[in-house]
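# An overview of the molecular structure
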Amino acid sequence: FDKIVENHLQCIHHASKKEHIQAMSLQKKKFEMFLEVYKSEGSWLTQVMYTLILDTRKLAMLADRDEQSRGGKGDNEHLVDAKRLFDSCFRFTIMGRATTEDGVKKRAGAL
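All of the points below concern the structure found in this document. (Residues numbered from 1 in each chain as written. Predicted model: local features only at pLDDT ≥ 70, side-chain atom pairs only at ≥ 80, totals over all residues. Heavy atoms only, no water.)

For the rest of this paragraph, the subject is the overall build of the protein. On a plain count of helices and strands, the protein comes out with five helices and zero strands. For the protein, the sequential pattern of α-helices and β-strands runs α-α-α-α-α. Here the protein holds 111 residues, and the buried ones make up 34% of them. A separation threshold of at least 6 residues defines the contact pool for the protein, and within that pool the share at least 24 residues apart is 56%. When the accessible surface of the protein is totalled, it reaches about 7,200 Å², and 55% of it is carbon and sulfur. (Helix = DSSP H or I, 4+ residues; strand = E, 2+ residues; numbered from the N terminus. Buried < 20%, exposed > 50% of the residue type's maximum accessible area, 1.4 Å probe, protein only. Contact = heavy atoms within 4.5 Å. Areas by Shrake-Rupley, 256 points an atom, 1.4 Å probe, with all protein chains shown as cover.)

Spelled out as structure tokens, the structure:
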């Protein structure tokens, strides 16, 4: 968790300075680290994952807007990257091995 927290603080720092593209890059790394932890720890992290999904989506939209304002491609590259991460979350929550109680929590997190 220490690397995730470190990455989170760096991401917040860049976002507060309106450096959304750099913040999104850090957010993707943080998300991937979180998914590794989620695989091993299980469904008690579902609420954290939900918050991470919302934050990633908002940051991806801001990063794409920044890229477009700088004359970038405008192809929503960051939202597409975020979608790939969300697909991974969906796979982990639906197809993960869990007891009945954990399975209910995981399915609720996927919705």
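Tracing the backbone through its elements, the reader meets Leu-62 in helix H3 (residues 46-69). The class of Leu-62 is partly exposed, set by a relative accessible area of 30%. The sequence separation of Leu-62 and Glu-19 amounts to 43 residues, and the corresponding C-alpha distance is 9.4 Å.

As enumerated under the stated definition, the model contains two aromatic pairs in all. Each ring, one from Phe-31 and one from Phe-86, has its centre 6.2 Å from the other, and the planes form 55 degrees; the classification is tilted. Taken together, the positions of Phe-31 in helix H2 (residues 20-41) and Phe-86 in helix H4 (residues 77-95) put the pair 55 residues apart, joining distant regions of the chain. Its relative accessible area of 0% is what places Phe-31 among the buried residues. (Phe/Tyr/Trp six-rings, centres within 6.5 Å; stacked < 30°, edge-to-face > 60°.)

Relative orientation and spacing of two packed helices are given, respectively, by the angle between their axes and the distance between those axes. The geometry of H3 relative to H4 is characterised by a closest axis approach of 8 Å and an angle of 165 degrees between their N-to-C directions. Between H3 and H4, the interaxial angle falls into the category roughly antiparallel. Between H3 and H4 lies a crossing of left-handed hand. Contacts between H3 and H4 involve Met-49, Ile-53, Thr-56, Arg-57, Ala-60, Met-61, Ala-63, Asp-64 and Glu-67 from the first element and Glu-77, His-78, Leu-79, Ala-82, Leu-85, Phe-86, Cys-89 and Thr-93 from the second. A per-class count over the contact of H3 with H4 returns 10 nonpolar, three polar and four charged. (Axes fitted to C-alpha atoms, helices over the stretch in contact; angles between N-to-C directions. Parallel < 35°, antiparallel > 145°, perpendicular 65-115°, else oblique. Left-handed = near helix turned anticlockwise from the far one by under 90°. Nonpolar A, V, L, I, M, F, W, Y, C, P; charged D, E, K, R; others polar.)

The next subject is the pattern of salt bridges. According to the stated counting rule, one finds five salt bridges in the structure shown. In this structure, the salt-bridge partner of Lys-17 is Glu-19, at a minimum N-O distance of 4.0 Å. Look at Lys-17 and you get partly exposed, because its relative accessible area is 46%. Given a relative accessible area of 29%, Glu-19 falls into the partly exposed group. Arg-84 is the salt-bridge partner of Asp-81, the closest N and O atoms lying 2.7 Å from each other. Separated by three residues within a single helix, Asp-81 and Arg-84 lie in helix H4, roughly one turn from each other. Among the residues examined, Asp-81 registers a relative accessible area of 13% and is labelled buried. (Salt bridge = Lys/Arg side-chain N within 4 Å of Asp/Glu carboxyl O.)

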